[in-house]
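# A look at the structure
The lines below spell out each chain.
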Amino acid sequence: MIKAVRGTRDLLPPETALWNFVESTVRDVFRAYNFQEIRTPIFESTELFARGVGEETDIVSKEMYTWEDGTRAADFAVYKKWMTARFPGVKSFGEFDPDIARRETPVPIAHLRQERAYIVFGYRTSEEVIEELERAVRLNETKVLQFDELRLVIADPEMKDVGLQVGGMTVKTEIVSIDLPPQSLTLRPEATAGIVRAYIEHNLETRGLNKLYCIGPMFRRERPQKGRYRQFYQIDAEIIGPASAGSESPARDAEVLEMLATLLDRLGIKNWTLELNSVGSSAERAKFNEALRIALDPVKDQMCGDCQRRAVTNPLRVLDCKHPEDQPIIEKLPRISQFLDEDSRKHFDAVQQILRAVGVEFQINDRLVRGLDYYTRTAFEFTHGALGAQNAILGGGRYDGLSEALGGPAAPGIGFAIGEDRLVMSLQESAFAGGALRQPDLYVAPLGAGMNVEAARLARELRRHDLVVDLGDDTFRLKKSFEIAAKAGAKYILIVGENEVKAEAFALKNLITGEQISVPRAELARKIQE
RNA sequence: GUGGGAAUAGCUCAACUGGUAGAGCACCGGACUGUGGCUCCGACGGUUGCGGGUUCGAUUCCCGUUUCCCACCCCA
C-alpha cells in the first residue's frame, strides 16, 4: 500500500472544519489591524534561506528539502560564479572581445550570450579568425572552431559537426557538451525570508508600511514527533517598511503582540503566557556571545553534556538548558540586558509600557533566545501548558537587518509565525466542541427508477435557498435512504417517488421529531428553513 | 542524526514460558418490496508492517529494516 510519506499526513473531516475555523478567525482578526494577505511560492532558491536564515543554523545546515533543478542557468551572476569554479583562471565574461584575442599570451575566456555559453581556451590568433568569430557572435551562430592554438567551444546540444572556412582553410569543428549550472531550490522552511524577498523584488517600500500575512505549508526534514511534521502549516505575519513609515517603532512590536493576544482569546485558547525579551542588535549580541563564552569556559565542565557542547558551538542556547543541576551556574551567567545600548533599552521599555497600558500580560524572560540569525531586539514566544515538551505555539521577533542582508533597502520589520498544527491540537485538547461543522439540512431520497431526475431538480432548487442538501440514488431501497440520512445527521428527509411527483407534493419527514407531512413543491424551502 | 516504546480485521484491542488468529464496534445483507435510530440472525473481513534466523512448529524468541508514538538535538 502506498502511504503518506514520513512526516506528512492527511487532514480529514471533521478536523478540517477546525482548521477552517482557525483560519477564518485569523483573517478576521488580522483585518482589524489592516493586515493583508500575501502568497509566496512554496519553493525558493536555496540561497535565499542560506543568506536570510543563516548558513550555520540547523535549519539551513541539515533540515531543508533541497534539490537541484538543472534545466538552465539562473542568471549571469550565477553563471559566472559557476564558470569560475569550474574553469579556474577564466578572465573575461561577456561579449566576444577582439582585444583579448590579439594578446600574445593565451588567456582562457568564457562567454555567455543569453542562454548560449561558449568558452575560448588559450587563444591567440589571426585577424581573419577574429573577424570570423565576431561575425559568428554578431549573427548569434552556434559554432565550434579549432585552429592552431584556438579552440572555441559552443554549448549547444542541437549542434552537430560544422565545417567552417577561416582564411581559406577548412577548420575542424568539435562539440563539447557543457552542463549548465543547476539551480539549487529549496522548499520553504519558514515564511519570513520569502516575504522579505517579495518585498524587495516588488519595491514594496514605495508603499510605506506593509502589513502582510501568509498562511500555508512549510517544510523541514526533521524527525517527526508530537505536533511536528515535515510538512507543517504556519500562520505568518510581518510588518515591514522603511523606518520613516514607523516600521522601527516600538509601537509596532506592541501592536503585533496585542493582536496575538486578541487572536488567542478569540480562538478560545486558555492559559497562554507571553514571554518577552530583547536580544539586542547583532553587534550587541556578538559582544554578549563572546562574554558568555568567556564566562562559560571555566565552569562548563561541571555542566551537562549538552551544555558543554553548546558552550562551544552556540553559547546562547546554554540559557535554554532545563537541567536542574545546571541552573545555579546559569543564574550567574551574564545577561543580554547588560549588553543593550541606550537605544535598544529604550525601545524595549517602550514596548512594555504600551503592553501594560493596553492590558496585555507578559513575563520578561531574559533567557529567551532565538535560533535564527536575523532576529534583533524584541523576541517573544506564546506558550501553552498542555502541549508537552513542545509548549510554544508561536514565536517571533524583530529583524531590522534582514532586508539589507538580502540585498534590499533598509527595512526594519517585526513578525511572527504560529504553528497551526499545534494550535489546532491545543484547541482539540481544550475540548473545543467543533460546532463549526454544518450538517445537512435535508437528505433527498429518490424512490424508484427514474426518480434521480426529479430529485436532482429539487436539490438544485433547494440548494439555491442556501440549504445544505445531500442526495441519494433511485436504486436505494427506502430503508437504506433513511439509514444514510440519519447517519449523515440530516434534519429532514424528502421522499421523491412516483406518487409525490404526480401530486406535486412531497413527503417531508423531520428525522429528529419523527413528524411527517406532505408539502407542496413551492413551499418546500420555506418549510425546511423554519 | 541519537535514545526508548510500539506495529495483529476499516477502528479499539485480546491470544497464558512457543502449539491451528479472536472479540467489540464499524461495514454489507436478511427478518421488514414506500419509512431511520432499537432488536435478532447472517455474511464479509488477515501474508499478525516487511525480510531473514532459531524451532517439529513463531503473533510470541533473536537479528535487520520500514513506519508510527514519546523524548533528545534543534526550533517558527
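Coordinates for the structure precede this section.
Scope of this entry: the structure provided in the associated data block. (Residues numbered from 1 in each chain as written. Chains lettered and ligands numbered in written order. Predicted model: local features only at pLDDT ≥ 70, side-chain atom pairs only at ≥ 80, totals over all residues. Heavy atoms only, no water.)

### Points about the overall build of chain A
Counting its secondary structure elements, chain A contains 18 helices and 22 strands. Taking all 530 residues of chain A together, the buried fraction comes to 48%. The long-range share in chain A, meaning contacts at least 24 apart out of those at least 6 apart in sequence, stands at 67%. (Helix = DSSP H or I, 4+ residues; strand = E, 2+ residues; numbered from the N terminus. Buried < 20%, exposed > 50% of the residue type's maximum accessible area, 1.4 Å probe, protein only. Contact = heavy atoms within 4.5 Å.)

### Things to note about the sheet that holds strand E3 (residues 66-69)
Across the sheet, which stays open at both edges, the three strands sit in the order E2-E10-E3 with antiparallel pairing between neighbours. The open sheet has two edge strands with one neighbour each: strand E2 (43-45) and E3. Shown here is a sheet whose adjacent strand axes are inclined to one another by a mean of 35 degrees, direction ignored. For E3 and strand E10 (residues 183-187), the ladder comprises four bridges, and the chain directions are antiparallel. Residue Thr 66 lies in a different strand from E10, and its bridge partner there is Thr 186. (Pairing = 2+ DSSP bridges. Axes fitted to C-alpha atoms, helices over the stretch in contact; angles between N-to-C directions.)

### Notes on a negative patch on the surface
Together, Glu 248, Asp 341, Glu 342 and Asp 343 line one region of the surface with negative charge. By the secondary structure assignment, Glu 248 is in the loop between strand E12 (231-240) and helix H8 (250-267). Taking the relative accessible area as the measure of exposure, Glu 248 reaches 34% and is therefore partly exposed. (Patch = residues over 30% accessible without salt bridge, like charges linked within 9 Å, V, L, I, M, F, W, Y side chains within 5 Å. Areas by Shrake-Rupley, 256 points an atom, 1.4 Å probe, with all protein chains shown as cover. Salt bridge = Lys/Arg side-chain N within 4 Å of Asp/Glu carboxyl O. Lys, Arg positive; Asp, Glu negative; His and termini not counted. Charge placed at Lys NZ, Arg CZ, Asp CG, Glu CD.)

### Some thoughts on the side chain of Ser 403
With respect to the secondary-structure elements, Ser 403 resides in helix H13 (residues 402-405). In this view, Ser 403 contacts Val 196, Tyr 199, Ile 200, Gly 408, Pro 409 and Ala 411; residues no more than four positions away in its chain are not counted.

### Considering the packing of aromatic side chains
Overall, the coordinates contain eight aromatic pairs when judged by the stated rule. Arranged with centres 5.4 Å apart and planes meeting at 75 degrees, the rings of Trp 19 and Tyr 233 form a pair that is edge-to-face. Of the two residues, Trp 19 sits in helix H1 (residues 15-32) while Tyr 233 sits in strand E12, which places them 214 residues apart along the sequence. For Trp 19, a relative accessible area of 4% puts it in the buried group. (Phe/Tyr/Trp six-rings, centres within 6.5 Å; stacked < 30°, edge-to-face > 60°.)

### Remarks on the nonpolar core
Residues Phe 30, Leu 274, Leu 355, Phe 380, Phe 382 and Phe 416 are the most contacted members of the largest nonpolar core, which totals 41 residues. It is H8 that contributes the most residues to this core, nine residues altogether. (Core = buried A, V, L, I, M, F, W, Y, C linked by side-chain atoms within 4.5 Å.)

### Some details on the environment of Val 279
Positionally, Val 279 belongs in the loop between strand E13 (272-278) and helix H9 (282-296). For the pair formed by Val 279 and Phe 339, sequence separation is 60 residues and the distance between their alpha carbons is 9.3 Å. Val 279 has contacts with Arg 285, Ile 336, Leu 368, Val 369, Tyr 375, Thr 376, Arg 377 and Ala 379, leaving out every residue within four places of it along the chain.

### Structural notes on the pattern of salt bridges
What the rule picks out here adds up to 23 salt bridges. The partner of Asp 28 in a salt bridge is Arg 266, and the shortest N-O contact between them spans 3.5 Å. In this pair, Asp 28 is assigned in helix H1 and Arg 266 in helix H8, connecting sequence segments 238 residues apart. When its relative accessible area of 45% is taken as the criterion, Arg 266 is described as partly exposed. Between Lys 527 and Glu 530 there is a salt bridge, and its shortest N-O distance comes to 3.5 Å. In this structure Glu 530 comes out as exposed when scored by relative accessible area, which is 62%. Several salt bridges converge on common partners, so that one network encompasses Glu 454, Arg 457, Glu 461 and Arg 521.

### Regarding the pairing of strand E15 (residues 376-384)
Across the nine residues of E15, nine count as buried, placing the element largely inside the fold. Here E13 pairs with E15 via seven bridges, running antiparallel. Paired with Asn 277 across the strands is Ala 379, a residue of E15. In this structure, E15 lies alongside strand E16 (residues 392-398), joined through six bridges in antiparallel fashion. In the strand pairing of E16, Phe 382 is matched with Leu 394.

### Regarding the packing of H1 against H8
Where H1 meets H8, the axes come as close as 10 Å, and the angle between the chain directions of the two elements is 140 degrees. Taken together, the axis directions place H1 and H8 in an arrangement best described as oblique. In this structure, the crossing between H1 and H8 has a hand that is right-handed. Touching Phe 21, Val 22, Thr 25, Val 26, Asp 28, Val 29 and Phe 30 of H1 are Met 259, Thr 262, Leu 263, Arg 266 and Leu 267, all from H8. A breakdown of the residues in the contact of H1 with H8 according to their chemical character gives eight nonpolar, two polar and two charged. (Parallel < 35°, antiparallel > 145°, perpendicular 65-115°, else oblique. Left-handed = near helix turned anticlockwise from the far one by under 90°. Nonpolar A, V, L, I, M, F, W, Y, C, P; charged D, E, K, R; others polar.)

### Structural notes on a nonpolar patch on the surface
A contiguous nonpolar patch, built from Ile 42, Phe 43 and Trp 67 and spanning about 260 Å² of accessible area, is present on the exposed surface. Along the polypeptide, Ile 42 turns up in the loop between strand E1 (36-37) and E2.

### Focus on the protein's contact with RNA strand B
By nearness alone, 39 residues border RNA strand B, and Arg 310, Arg 317, Ala 417, Lys 487 and Leu 511 come closest of all. Expressed as a percentage, the sugar and phosphate content of the atoms of RNA strand B within 4 Å of the protein is 51%. Here Arg 6 contributes a side-chain N or O atom positioned 3.2 Å from a phosphate oxygen of RNA strand B. Here Gly 7 contributes a backbone N or O atom positioned 2.8 Å from a phosphate oxygen of RNA strand B. Mapped by element, the contributors of at least two residues to the surface near RNA strand B are helix H10 (305-313), E16, strand E17 (413-419), helix H16 (478-488) and helix H17 (498-503). Among the elements that line the surface near RNA strand B, the one with the most residues is H16, at six residues. (Near = heavy atom within 4 Å. Polar contact = N/O pair within 3.5 Å; in protein donor to acceptor, adjacent residues only side chain to side chain.)

### What about the environment of Ser 249?
Position of Ser 249 among the secondary structure elements: in the loop between E12 and H8. Taking C-alpha positions, Ser 249 is 9.4 Å from Gly 413, a pair spaced 164 residues apart along the chain.

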